[in-house]
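Each chain, written out:
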Amino acid sequence: TLWASPANPGAAELACELARAFPGLTVSTVADVGSSASARPSTALRGLARRSRRAADVTHMLLYLNQNTWLEEDGERLAEQV
């Protein structure tokens, strides 16, 4: 299972594309891998059938880098997660 942190702008959309390209890939949208609380899925992930929201299933983290990656509170939270 691939984890796309809600604190990483653009990661959920890329994870959705990857899941479409690689059958069997699941995407986790939990707020934090160490938490059982789930974040609301992004618009891109809402229609994705192969989706997991359980933190225990996560094996990889997707880090999507762009000009907004490390900005503001989300950037700080993402830095802690990485």
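Residues numbered from 1 in each chain as written. Predicted model: local features only at pLDDT ≥ 70, side-chain atom pairs only at ≥ 80, totals over all residues. Heavy atoms only, no water.

1. Some remarks on a negative patch on the surface
A cluster of acidic side chains, namely Glu72, Glu73, Glu76 and Glu80, defines a negative patch on the protein surface. Summarising the element assignment, Glu76 is placed in helix α3 (residues 72-81). The class of Glu76 is exposed, set by a relative accessible area of 56%. (Patch = residues over 30% accessible without salt bridge, like charges linked within 9 Å, V, L, I, M, F, W, Y side chains within 5 Å. Areas by Shrake-Rupley, 256 points an atom, 1.4 Å probe, with all protein chains shown as cover. Salt bridge = Lys/Arg side-chain N within 4 Å of Asp/Glu carboxyl O. Lys, Arg positive; Asp, Glu negative; His and termini not counted. Charge placed at Lys NZ, Arg CZ, Asp CG, Glu CD. Helix = DSSP H or I, 4+ residues; strand = E, 2+ residues; numbered from the N terminus. Buried < 20%, exposed > 50% of the residue type's maximum accessible area, 1.4 Å probe, protein only.)

2. Looking at helix α1 (residues 11-21)
Among the residues making up α1, those that are buried are Ala11, Ala12, Ala15, Cys16 and Ala19. Along the axis of α1, the buried residues cluster in a sector spanning 140 degrees; they form a single face. Facing away from the buried side of α1, by more than 90 degrees, are the exposed residues Glu17, Arg20 and Ala21. (Arc of directions from axis to C-beta.)

3. So, the nonpolar core
Of all hydrophobic cores here, the largest spans 7 residues; its members are Leu2, Ala4, Ala11, Ala15, Ala19, Val27 and Leu62. Those elements that provide at least two residues to this core are β1 (2-4) and α1. If one sorts the elements of this core by residue count, α1 sits on top with 3 residues. Leave out the neighbours within four places in its chain, and Leu62 touches Leu2, Trp3, Asn8, Ala11, Leu14, Ala15 and Leu18. (Core = buried A, V, L, I, M, F, W, Y, C linked by side-chain atoms within 4.5 Å. Contact = heavy atoms within 4.5 Å.)

4. Some words on the confidence of the model for the protein chain
The predicted model of the protein chain has a mean per-residue pLDDT of 81, with 71% of residues at 70 or higher. In the predicted structure, residues 35-42 sits below a pLDDT of 50 and forms 19 contacts with residues beyond four places in sequence or in another chain. (pLDDT = per-residue confidence, 0-100.)

5. Concerning the environment of Gln67
You can see Gln67 is positioned in the loop between β4 (60-62) and α3. Residue class for Gln67 comes out exposed when judged on its relative accessible area of 65%. Separated by 58 residues in sequence, Gln67 and Pro9 have C-alpha atoms that sit 9.4 Å apart.

6. Focus: the environment of Thr59
Inspection of the secondary structure assignment puts Thr59 in the loop between β3 (51-52) and β4. The exposure class of Thr59 is exposed, given its relative accessible area of 56%. Sequence-wise, Thr59 and Trp3 are 56 residues apart; in three dimensions their C-alpha atoms are separated by 7.7 Å. Polar side-chain contacts of Thr59 include one of 2.9 Å to the side chain of His60. (Polar contact = N/O pair within 3.5 Å; in protein donor to acceptor, adjacent residues only side chain to side chain.)

7. Focus on the side chain of Thr69
One can find Thr69 in the loop between β4 and α3. For Thr69, a relative accessible area of 1% puts it in the buried group. There is a polar contact of 3.2 Å between the side chain of Thr69 and the backbone oxygen of Tyr64. At a separation of 2.6 Å, a polar atom in the side chain of Thr69 contacts the main-chain amide nitrogen of Asn66. Once you skip the residues sitting within four places of it in the chain, Thr69 turns out to touch Asn8, Pro9, Tyr64, Gly75 and Leu78.

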